[in-house]
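Take a look at the letters that make up each chain.
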Amino acid sequence: MPSITVVIADSDTRRLGVCRRLLEGAPGMTVVATADTVRETIGTAMHRPHILLLDLKMARANDAATLPLFRTKSPKTQIILLTGQASDAHVLAGISQGARGYLDAKLLRRFLVKAVRAVAAGESWVSRAMVGKLIDQLARLMALNVRPRRA
Amino acid sequence: MSFPCNDKRFSRSRLITQWGKRLFREKLVQFGDGVFEAELKGFKKDMVSGHGSTVLKILLASDVSTRRAQWVQALQKIAVLYEAIDRSMVEQKLAALKPVILLLDLSMPGLHGLDGLSGLQKISPSTRTILLTTTPTETEGTSMLEAGAKGYCSMEMDPMLLAKAVKMVQKGEVWVGRKVISHLLDTLVSLTEQQRNRSLPKADPSLDVLTPREKEIVQQIGGGSSNKEIAHQLHVSEKTVKAHLTSVFRKLGVSDRLHLALYVNGHRPSLR
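All figures in this text were calculated on a predicted structure; none of them were measured in a lab.

S.K.: Hey, could you run me through the overall build of chain B in this one?
M.R.: Along its length, chain B carries twelve helices and eight strands. Considering chain B as a whole, with its 272 residues, one finds that 33% of them fall into the buried category. The contacts of chain B with a sequence gap of at least 6 include a subset with a gap of at least 24, amounting to 61%.

Here it is as structure tokens:
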């Protein structure tokens with residue numbers, strides 16, 4: 001099986017280092033690039049990585065353009081958000097923009113490698129509690145979408 | 001009934017629960033067609049509708065007796081169970097019992113999928129429904145959850161997991177298989193994109209309406225640069241960059257950076 005290619009984009013360079021060490025220590029994974037600014041992150045889209053680990057703060061910078069922008073440049077890349085003490089609303093916004101999962105930065109050691117593998121295999125990495133919020137959001141959007149059609 | 005001490009360990013509800021559990025085990029009576037009914041005698045009222053009741057009432061609905069038996073096996077330790085074997089029985093018991101959870105076999109005759117679900121929800125709105133199906137599909141799962149189901153699982157699910165699912169749903173969370181979650185995410189993303197595209201300008205003004213300086217800035221935005229980075233790159237102040245951007249937003253009819261960035265990337269050729 002070919003190696004899972006990963007780009008790590010984190011404005012917190014210490015955390016970026018932790019992620020890099022964890023992933024380089026795992027078999028079957030290659031860190032192809034790292035970035036600590038939004039502009040660099042968009043530049044790494046040329047690697048067409050399987051996975052982008054994206055700092056939620058960076059995802060929210062510049063009117064939250066990072067995630068959609070990366071996806072237009074590398075549509076097949078699956079994105080996992082790295083969150084600090086993020087509010088659910090921010091995580092939900094990131095997921096609505098196409099992130100396939102999110103990971104609390106405190107749990108990196110336990111779950112980072114697992115999450116990357118799961119998401120690379122087409123699964124998602126979200127907590128049960130978040131699923132309920134996803135469905136609420138979905139229902140809201142459905143309602144918005146249905147109304148104009150009926151009118 | 002009076003209790004001589006105020007110790008929480010001997011609180012009324014706790015005692016009743018323990019009492020009820022014992023009684024429940026002893027008084028399990030079997031009716032025709034293998035339908036179990038708990039006869040809780042005088043304690044039934046207290047347990048089931050009393051204030052601060054800790055008893056979890058679950059209605060098991062399936063026409064297949066072996067399935068109900070499996071569910072009973074998996075759940076009898078954590079809940080008071082009632083059973084129903086067809087739609088009218090489900091409706092009747094929902095209305096009478098208002099159970100916390102309804103475990104519903106989607107292949108039960110006369111149910112008619114989605115319509116059936118919303119019909120049942122009207123009878124007892126507080127009841128949370130977990131759907132079980134022999135052939136789970138992502139699309140069905142998504143639409144059922146949107147319609148208000150709180151769980152959607154495969155019939156082959158491990159009995160241990162069933163108990164866990166019930167506990168999660170009781171807590172107010174949702175229980176679905178991993179595959180269904182992925183499909184939920186897909187649906188959410190495409191709906192969000194539809195929403196966003198609706199707010200993009202209908203007529204596509206070409207980027208030619210921009211001045212050369214504005215085009216430079218727009219290109220940088222498309223590359224993910226911040227105002228500060230652009231200012232640095234072009235040797236101007238951030239204020240100037242902002243002024244240019246305001247003009248760009250007005251000319252192209254976009255509302256923010258995100259739209260502009262996507263717009264630029266969708267229209268890259270005209271920049272050249």
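S.K.: Explanation requested: the pairing of strand S4 (residues 80–84) of chain B in the structure shown.
M.R.: Consecutive residues of a regular strand have side chains that alternate between opposite faces of the sheet. Residues and elements named next belong to chain B. Across the five residues that make up S4, a large majority, five, are buried. Taking every second residue as pointing to the same face, both faces of S4 are buried, with Val80, Tyr82 and Ala84 on one and Leu81 and Glu83 on the other. Bridge analysis of strand S3 (residues 57–61) against S4 gives five bridges, and the strand direction is parallel. Each bridged residue has a counterpart across the sheet, and for Leu59 the counterpart in S4 is Tyr82. Crossover connection from S3 via helix H3 (residues 65–75) to parallel S4: handedness right-handed.

S.K.: Help me understand the sheet that holds strand S8 (residues 175–176) of chain B, please; the structure alone is not making it clear to me.
M.R.: Sheet strands pair by backbone hydrogen bonding; their relative direction is either parallel or antiparallel. All names here are of chain B. Taken together, the six strands give an open sheet; going across it, the order is S4-S3-S5-S6-S7-S8, and neighbouring strands pair in parallel fashion. The sheet is open, and its two edges are formed by S4 and S8, each paired on a single side. Examined bridge by bridge, strand S7 (residues 151–154) and S8 share two bridges and lie parallel to one another. Opposite Tyr152, over in S8, you have Val176 as the bridge partner. Its contacts with the sheet put helix H6 (residues 138–146) on strand S6 (128–133), S7 and S8, and the angle it makes with S7 is roughly 155°.

S.K.: For this particular structure, what's the right way to read the nonpolar core?
M.R.: Nonpolar side chains tend to gather and get buried jointly when the protein is soluble and globular. Grouped together as the largest cluster of nonpolar side chains are 105 residues, with contacts concentrated most on A:Leu53, A:Leu54, A:Ile80, A:Leu81, B:Ile58, B:Leu103 and B:Ile130. For this core, the leading source of residues is helix H12 (residues 257–266) of chain B, giving six residues. The two domains that each donate at least three residues to this core are domain 1 (8–178) and domain 2 (207–271) of chain B. With sequence-adjacent residues up to four places away left out, B:Leu103 is seen in contact with B:Ile58, B:Leu59, B:Leu60, B:Ala61, B:Trp71, B:Ile130 and B:Leu132.

S.K.: Sorry, what's going on with the interface of chain A and chain B here?
M.R.: One frequently used descriptor of interface size is the decrease in accessible area upon assembly of the parts. The interface of chain A with chain B comprises 35 residues on the first partner and 29 residues on the second. Split into classes, the residues belonging to the side of chain A that touches chain B amount to 18 nonpolar, twelve polar and five charged.

The rules we used
Residues numbered from 1 in each chain as written. Chains lettered and ligands numbered in written order. Predicted model: local features only at pLDDT ≥ 70, side-chain atom pairs only at ≥ 80, totals over all residues. Helix = DSSP H or I, 4+ residues; strand = E, 2+ residues; numbered from the N terminus. Buried ≥ 20, exposed ≤ 12 C-beta atoms within 10 Å, placed from the backbone. Contact = placed C-beta atoms within 7 Å. Pairing = 2+ DSSP bridges. Right-handed = clockwise from strand over helix to strand, strands pointing away. Axes fitted to C-alpha atoms, helices over the stretch in contact; angles between N-to-C directions. Core = buried A, V, L, I, M, F, W, Y, C linked by C-beta atoms within 7 Å. Domains from an automatic or database assignment. Nonpolar A, V, L, I, M, F, W, Y, C, P; charged D, E, K, R; others polar.

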